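# Fold and geometry: a report
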Amino acid sequence: MIIHCLFFCYFCKLNKKHIRLFCQIIFNTTRMIVPIIGYGDPVLRKTGEIVSPEHPNLKEIIANMYETMYNAYGVGLAAPQIGLALRLFVIDTTPFSDDEELDNAAQKKLQGFKKTFINAKMIKEEGLEWSFNEGCLSIPDVREDVYRNPTITIEYCEEDFVMKTEVFDGLIARVIQHEYDHIEGILFTDKISTLKKRLIQKKLKNILEGKTFQDYRMKFFGKKGR
Ligand SMILES: [Zn+2]
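Residues numbered from 1 in each chain as written. Predicted model: local features only at pLDDT ≥ 70, side-chain atom pairs only at ≥ 80, totals over all residues.

## Notes on the overall build of the protein
To keep things clear, this is the line we draw: Secondary structure elements are taken from DSSP: a helix is a run of H or I of four residues or more, a strand is a run of E of two residues or more, and numbering for both begins at the N terminus. Here a residue counts as buried when 20 or more other C-beta atoms sit within 10 Å of its C-beta, as exposed when there are 12 or fewer, and as partly exposed otherwise, the C-beta atoms being derived from the backbone. Contacts here follow a simple rule: the backbone-placed C-beta atoms of the two residues must lie within 7 Å.
Helix and strand content of the protein: 6 helices and 9 strands. Out of the 226 residues in the protein, the part that is buried amounts to 27%. For the protein, the proportion of contacts with a sequence separation of at least 24, taken over those separated by at least 6, is 64%.

So this is what it looks like as structure tokens:
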């Protein structure tokens, strides 16, 4: 069915937005792009609460998170970033698979790695810390090198609520660690040196006040008249 939709849209020369809309009508799914919460909002500092299978509109929340993440060209999005202090995040590392510095095997691993993490609990982080230039959809125009362990063991469940324990490494682990921090109320800017923190202070203040430009919807805690 999806293939039919795509072909239909291709031949009609419709753009991506139309394809999405068309598939939504056919599959009767409603997904919404929601605003991403900007740096400085207290919700980004809350520890996420456990999600129960009966959580209202959970399926819709997850669908909206994917839609919002894709719209902003992100590789991960955590529930606090859409204003919900829940232990929930989604990731899709496909955009990283284009990196020409990676070998074929690494690119393949990242391609189509899409997963929902519910009630995640970090069990172990190990290996020699490595640095990677991170960014965050809640902190636009700020990128900094962050050191993290390369291998993680994490307990989580997907939408079927069956708990499992898995080991991840490399960039996949990196994205999970970044998103996991969000559900613990931690931001990547907490993990940089005092000097670097001082250097980005003005940028962070501008984000808090909404004095920033990005091509996706955001909500700012300190924006006057919001
Ligand atoms: Zn982030």
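## Points about the sheet that holds strand β8 (residues 163-169)
Under the convention used in this document: When DSSP finds two or more bridges between a pair of strands, those strands are recorded as paired. In this description, a line fitted to the C-alpha atoms serves as the axis of each element, helices being fitted only across the stretch in contact, and the angle between N-to-C directions of two axes falls anywhere from 0 to 180 degrees.
Read from one edge of the open sheet, 5 strands run β2-β3-β4-β7-β8, paired in antiparallel fashion. Pairing within the sheet leaves two strands with one partner each, and these edge strands are β2 (76-78) and β8. Each strand of the sheet is rotated relative to its neighbour by a mean of 40°, with strand direction disregarded. In this structure, strand β4 (residues 114-126) lies alongside strand β7 (residues 151-157), joined through 6 bridges in antiparallel fashion. In the strand pairing of β7, K124 is matched with T153.

## Structural notes on helix α6 (residues 194-208)
Note the threshold: Here a helix's expected span is defined as the number of its residues, less one, multiplied by 1.5 Å. Bend is the name given here to the angle between axes fitted to two runs of seven residues, the run ending at a residue and the run starting at it.
With 15 residues, α6 extends 20 Å from end C-alpha to end C-alpha; this agrees with the ideal 21 Å at 1.5 Å per step. A maximum bend of about 45° is found in α6 at I200. Looking at the residues trailing α6, positive phi occurs at G210, about 75°.

## Section: the pairing of strand β3 (residues 88-92)
For β3, the tally of buried residues reaches 5 of 5 residues, placing the bulk of the element in the interior. Side chains L88, V90 and D92 of β3 all project onto a buried face; the interleaved residues F89 and I91 project onto the opposite face, where all are buried too. Strand direction decides the pairing type here: β3 and β4, joined by 5 bridges, are antiparallel. Paired with F89 across the strands is F117, a residue of β4.

## Here we look at the nonpolar core
We count it as follows: Core membership is restricted to buried Ala, Val, Leu, Ile, Met, Phe, Trp, Tyr and Cys residues, and these are joined into a nonpolar core through C-beta atoms within 7 Å.
Of all hydrophobic cores here, the largest spans 41 residues; its most connected members are L77, F89, V90 and I176. For this core, the secondary structure elements donating two or more residues are β1 (36-37), α3 (58-71), β2, β3, β4, β6 (139-148), β7 and α5 (170-183). Per element, the largest residue contribution to this core is 6 residues, and it comes from α5. With near-sequence residues (within four places) excluded, F89 lies in contact with G76, L77, A78, A79, F117, E179, H182 and I183.

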